[in-house]
Structure formats: structure tokens, C-alpha cells
Amino acid sequence: PTPHTMSRSRRTSSVLSKKSNQVDLKQSDILAAIILADSFSREFRPITLSRPRSLLPLVNVPVLEYVMEILAASDVQEIYIFCCENSSMIKSYLEKSKWNQNSSASRVNQIRVQVLTGLDATCAGDAMRAIHDMNIIRSDFVLITGDVISNVDLRPIIQKHKEERGKSKNSPLLMTSVFKEQPSYRINTNLGFNDARHSVWVAVAPDENQLLFYDCDKTSSFKLPMKTFKNFRNIQVRSDLYDCHIDICSPQVLDIFKENFDYQDLRSDFMVNVLTDEIISIDNKVSPYVITDQYASRLSSLRAYELISKDIVKRWMYPIVPDTNFTSDTSYRLSSPNNYFENAISLERSSKVLIDCVIGKDSSVGKNSVLSETTVGRNVVIGNNCKIEGAFIWDNVVIEDNVQIQCAIVANGVTIKKGAVINRGAILGEDVIIGENFLVEQSKRLTTLKAEVNDTDSSDGFDTFEDDTKGARLSSSTVETNEEHVGVGGRGTEYEGSFDYETYNLLGMTDMELELENKKLLEQSLSDERENEDGNIISGGSESENRLFLSELDGVVESSIIKNNNEEESKLEMDSVKFAYNPMPHQHACGLVRSLLQYAIKSEPDNNEKVSELFGHLLDGTTYKTAWCNIINTVIAEKSDIQLDVLDFLLDYFQNEGAKRTQLISEIVHKLYNADVLDKERILDWAEKRGDLNSNTTAEADMRLIKQCEQVIMLLKNEEMVQIRKPKGGWFSTASEDSDDSDETSEDDDSDDDDDEDDDSEDSDDSDDE
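Residues numbered from 1 in each chain as written. Predicted model: local features only at pLDDT ≥ 70, side-chain atom pairs only at ≥ 80, totals over all residues. Heavy atoms only, no water.

Trainee: Mind showing me how you'd approach the pairing of strand E7 (residues 141-145) here?
Mentor: Within a regular strand, side chains alternate between the sheet's two faces. Here E7 lies mainly inside the structure; five of its five residues are buried. Of the pairings in the sheet, the one linking strand E2 (residues 32-36) to E7 comprises five bridges and is parallel in character. Considered in E7, the bridge of Ala32 is made with Phe141. (Buried < 20%, exposed > 50% of the residue type's maximum accessible area, 1.4 Å probe, protein only. Helix = DSSP H or I, 4+ residues; strand = E, 2+ residues; numbered from the N terminus. Pairing = 2+ DSSP bridges.)

Trainee: In this structure, what is going on with the packing of helix H3 (residues 124-134) against helix H6 (residues 252-259)? I would like to understand it.
Mentor: The geometry of a pair of packed helices is captured by two quantities: the angle between their axes and the separation between those axes. At a closest axis distance of 8 Å, the pairing of H3 and H6 adopts a crossing angle of 115 degrees. Between H3 and H6, the angle falls in the class roughly perpendicular. Of the two possible hands of crossing, H3 and H6 adopt the one that is left-handed. Where H3 approaches H6, its residues Gly125, Met128, Arg129, Ile131, His132 and Asp133 are matched on the opposing element by Val253, Leu254, Asp255, Phe257 and Lys258. For the contact of H3 with H6, the residue count by class is five nonpolar, two polar and four charged. (Axes fitted to C-alpha atoms, helices over the stretch in contact; angles between N-to-C directions. Parallel < 35°, antiparallel > 145°, perpendicular 65-115°, else oblique. Left-handed = near helix turned anticlockwise from the far one by under 90°. Contact = heavy atoms within 4.5 Å. Nonpolar A, V, L, I, M, F, W, Y, C, P; charged D, E, K, R; others polar.)

Trainee: Can you help me understand the nonpolar core in this one?
Mentor: Soluble globular proteins tend to pack their nonpolar side chains together in the buried interior. Leu592, Leu596, Phe615, Trp628, Leu650 and Leu672 are the most contacted members of the largest nonpolar core, which has 54 residues in total. If we skip the residues at most four places from it in the chain, Leu592 touches Leu553, Val557, Met574, Trp628, Ile631, Ile632 and Val635. Core analysis: the next-biggest nonpolar cluster, separate from the first, contains 41 residues, Ala121, Phe257, Phe270 and Met271 among them. (Core = buried A, V, L, I, M, F, W, Y, C linked by side-chain atoms within 4.5 Å.)

Trainee: Where do I start with the sheet that holds strand E20 (residues 364-365) in this structure?
Mentor: Picture the strands of a sheet paired through backbone hydrogen bonds; they go either parallel or antiparallel. Taken in spatial order, the six strands of this open sheet run E17-E20-E23-E26-E29-E32, and their pairing is parallel. Two strands lie at the open edges of the sheet, namely strand E17 (346-347) and strand E32 (433-434), each paired on one side alone. Judged from the two bridges that link them, strand E26 (residues 398-399) and strand E29 (residues 415-416) form a sheet pairing that is parallel. The residue bridging Val398 from the neighbouring strand is Thr415, located in E29.

Trainee: Explain the packing of aromatic side chains to me, please; I cannot follow it from the model alone.
Mentor: Describing an aromatic ring pair means giving the distance of the ring centres and the angle of the ring planes. Applying the stated criterion across every chain, the model contains eight aromatic pairs. Their ring planes at 45 degrees and their centres at 6.4 Å tell us that Phe179 and Tyr214 sit as a pair that is tilted. With Phe179 in strand E9 (residues 173-181) and Tyr214 in strand E11 (residues 210-215), this pair connects stretches of sequence that are 35 residues apart. Tyr214 matches Phe179 in its accessibility class, with the two residues each being buried. Among the aromatic residues, those joined into a cluster by ring pairs are Phe44, Tyr305 and Phe392. (Phe/Tyr/Trp six-rings, centres within 6.5 Å; stacked < 30°, edge-to-face > 60°.)

Structure below.
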């Protein structure tokens, strides 16, 4: 990646700091910061199909400006903004902003700004590895995500980090992470704690100021190793902390990401492993820094967007408020009771702007229109007799007469024709047109753009780290208009994307409604997990632990195959993973089968026949030094229930892989049978149980996959030399069932055949006993 360099001079009258320092610094003394501008998520779709989250307007100021202001006020001298496919948009914005060296806002104290582009980065871990390879960080640096909204002064935190680094010799300080204390009466209110999902479990040794445990899943309980209590006399366990995603890091953080290519997320992968991995944690220390009286939150959801906007308007973020005009290109003034107006706005005398409103320049409000708790961008036209409450209206929007809007987001270039009603939680993407007298239902997301990447696709069942703008930028054509969604004369359609418990639209809900909705969504999420329990075999620990185990297993298996290790070497590497994560036997067995499948599909992505062939060679060691069937059998140890778990896992795996891989399940089951990983009794038991059409536990998708295995099942039953009958409610059929011909043939069978069958039966019994 090639950095795009700009610089600007920080104002001597900075909003948060007026300090000046013109001393030439050595490279090792320069304080740098890395902003991860991409969200690697999709909560804000469809409005992030046309721009990255870091450039979304928050109270008419791009989110990136809030992050840059924190860093500038904290004496940061170099800012690196890492972004993926939206880099051109961010570069274009910065060139026109005060951060450009040629800007009239530039004065003294140069701050160097670089935009770093990494087109191949699909997650935060990829971004960190790309930055490591650029070799631009040589000393401690600030790491911050591009959606952090805060007025925290980082200077005392940075100073304490440096002091701790100087003291820590036996266990060097790797990182200082910033947390915000959450008083119980403020949780889920308009004081910055807008999303309880970002509160975490942490265990801290206060005497050593060391973080011992971190769990971002925050289940009802967690485990601490016994050795933790032996090594630390005083341990605090806290659940009242909000993770600000602001870290002061040593350069070794980048080294750890580089050495561990499977680390994807900053918290569930990196943080958890640093604290639990014996090799890493013994040489490194993570310190928590808890703030109590400063504002810190993250723009992590639509609900967060609403609450943070209100916080800023109500001056909880002071001195980062509209009338300080900290971006140097606004002209807001505070007006009673608590409204902010830019220059060159037009308000009809009969219009009413009640409270907590922000109106940008060149905007107008018509006769008898009423606005309350609403942010209006620039060049917006609001007609007569409109009622707008709690809405977020961006630039260049036209709202005709008699329109009603309640707590909705209206993006750039939208037109709402007369008489239309926009209900709570609606999201109108850029350039959408709503027809006359049309009703937009609550929480509807309307768009004129479509994403190239399917939101529902996930290659391995884990969280997707797809950038919000990637699909839209590659597929710039507009969607076909559906007037059922936008009205007659409208433009756009409903956005088709999957939104789960983590990404559900909670915009505009009251605290009571939010509590009820969260409870309902959580119950639905838990219900779905219970329904999928049979298919989701690879489970047992927390979500982050399972992800780490499977990711580590994938890497070790792939490495062993590529190096063509012998069986003893492969077993040693498998044991290292086993001892590190201590998986249950069924987790280990299913994980090994999964890793081999992943490698085969990755090697031959377009040819199922070759995938099956390669999978068979890996199992029996035909072309490799390791026969992986022996390692899997060591784990299974002839336990029939684990074999059933493996078969159930295959159902789940191929269901996620989609129609392209459906036919593979039969081949894979056959390969596992030939390699003695699965025995025919377990396969037949599984097929009869899962293939029962009368069973309430067998999903239709599972039934289709089991149907694919019919040929293998028939082969096994013929091999067993028993009469093939269609079980009650079963799924397979034969050419004839209990026909007269078959009865006659049976009666005419030679007695010698019966003797042979008896002999075979005895041999089978002996085999079973053995």
C-alpha cells in the first residue's frame, strides 16, 4: 500500500488544547496515531453504501473530524488513517478540510496526516499486518477505531503508559486500554452509554494495574484459571466498564499481529489471546485506564447514532459542541432555549423551532412547520405545515408541504413529496424519492443502491468483516424502483439485507420500548441457537474461544499439509492446539474434519470432484506423509456419539456452503467411511434418525442434504446383506417393496445361502466383539 501524505498546522487556539511545542523531535519521540477508518461491519446499511461510516454526518460534522480532534488535542504529531476501498473518498475530503497544509486554518505545530490504503484488508487484523509491513511505526502509538466519539484528553493516559513502560522490566507493558466507567443509573441513557453490548467482563489486578481477563461476549459467567489466583493476591472483577476502543500501544502490538495471521478482531482475537496465551502473556502486560468524568462512546449502531447526536446537541461532549465550530468551516451560534443556527438560513415567521435543533446554512423552513430535536443539514428545503420530530436530515433534501417525519434518517438528495408520512426508525438512503401521501412504515430501510456482496453469505459461519462500501463501489448501478415501497412517482426500493440481534434497527425507540425489544430479540437469538444446536456441533466454550480454536486449527492443519509433515510431526502440532484450547472431543473431531474440508475447497474452489479426491488423499495419506484419518480416529476413539456429531456437523457445514457444494456431502461421508472414521452402523442410525419425515427436529434443508446421501446409505445397507425396507416416515425408497416376486425368490433360495448368511452373521458378531 502506498501512503497518501498531507499535513496541516494545528491551531494555537485548539478547542481542547492551546499548548505549543516547536522543538524538533527525533523519530522515536514522535507520537503517532493509527485510525482504523473502516467499520468492517454493516449496521448502517444502506446509508453506508454510498460513503464510509467515518464520513457520515454526525450533527452535520463528519465522524472522522471528531476522532481527528481528539488526537490533535492530545499532542499527536502523526496521524495515519487506514482505509480500504473508500480511501479515495477520505482523501478527497481531507484535501478540502482544515487538515490540508494549504488550508487557511493551518498555522503552527505541523501535524502530518497520511491516508494508508490496503485494498486486500478484510478485517482489523489485516489492517494491522499491512501497517506492520509499511514500517512506519517505530515507537509507542495511539490506536483508535474510526467510530469513537469522545472528548477524553489522552495526554495523561499516554504519560502514564510511558511511565509504566519504563518501570516494567520483567513483564514489559504491551498496551494500555481505555475504559469508561458506567454508573448503573446511566446505562442505556443519553450519557454516552448507548449500547450495553459494548460493556465487558474484565478481571483486573489493581495493585499491579494489570488486565487479567477480557470477555466481550459478556455471558452470565466466565472462567479464570486457578494460576491467576496464585499469582495475584488482589483481583477485581468488573462488569460496569464500557470499552472505548482507544489503546496506547507499543510497537510490539504490530509484531504480534504479524506473527499471528489468524487474528482478525482487535478484541475477540487479539485482546483475548494476549491475556490467555501463556507464551504471549508471560512477556507482555496490558494495563486498563478507567475514565469516569469524560465522554466516550462509539458509533456502533443506529441507536448509538441517535443518542450520541442528542448528547452532542445537549452539550455532554463540551467543548466539542456545534457552536465552537471546531472544524473551521461552520458558523453555528447558540440560540435559546438550546438551538444552533448557521448563517444564511430562512425561517418563516409562523414556523416553530422548539428545542435541541441544529439547522445548517442555506436551509429554509416553511410556514406553520414545527421542528423539535431535529438536525437539518445544508441546503435543505422544508415546506409548509410540516411536522418533524427527532429526525436527522442531511444535505440537499427537499421536503414538500404537509409531510410528517418522526425520528428517521434522511440521507443526501432525498425528496419527500407532499403529504407523505415517515414513521419512526425509517432509513431513507441517498437520492430516494417518496411519493405523494405515501406512508413509510416503522424501521423500513429504503435505498437506490445495491451491494455486490450478499449480506447473508459467510464462508465459515463466523462474523463477516465485509467493508460497508465495498459492494456499492463495485456495483454502482441503481436498483429497480418498487412503488410498493416508495409510492407512486417514487424512486428506490426496500433494502434487502440480513440484520440479526447485533444489527437490528432500534432507532427512535423509547427506553421502555428498547428494553422490551432487546429482551424479545435476545430471546429469539437464544431460541435460534437452541434450534440449531444439533447442526452447530463445534461449540462448547464462548464464541470468541471457539473462533480462536478453529482458526488456530485451520492454520496448523494447512501448515502441516503444505510442509508435508510426517504423522508424528502432525500429531505434535495438533497436540499443541489441543493443550492450548482444551477442546471437547467432539469439538476436536469436527474441527479436524472441517479444517481438511476447508483446505480441500480452498485448493480446488471450482471443482467438487477434485475437492472430494483431495479430501480422500488427505484422509488416507495416499499422496501425503500424514494419514489424517489416524489422527481423527485417535480423537474419536470409537465413540459412537462423536461419529454422530461429525455427521451432524457435515449437515450444518454444507448447508452454509450453499447449493454449489450440496452434492459433496455424499462423497465426504463415503470418504470418511472408507477411511474407517465413520462406521456403517452409525451412518445408518444417523440416516434413519435425521431422515425421518415425521420428526419435528429435522429441518427441510437438512432433509435435502440427507437425500443426497441416499446412494451411500443404499450401498451400506446392501453391503450389510439385509432386506431393504422403507422405514415408516423414512426418506429413501426401493424399486419394489415386499413384492410377490421377491417373496417367491426368497422362498426358493438354496438352504446353502442360509448357511452362508449364518456364517456371515457369526463373522459379523466376531468382528463386532473384536
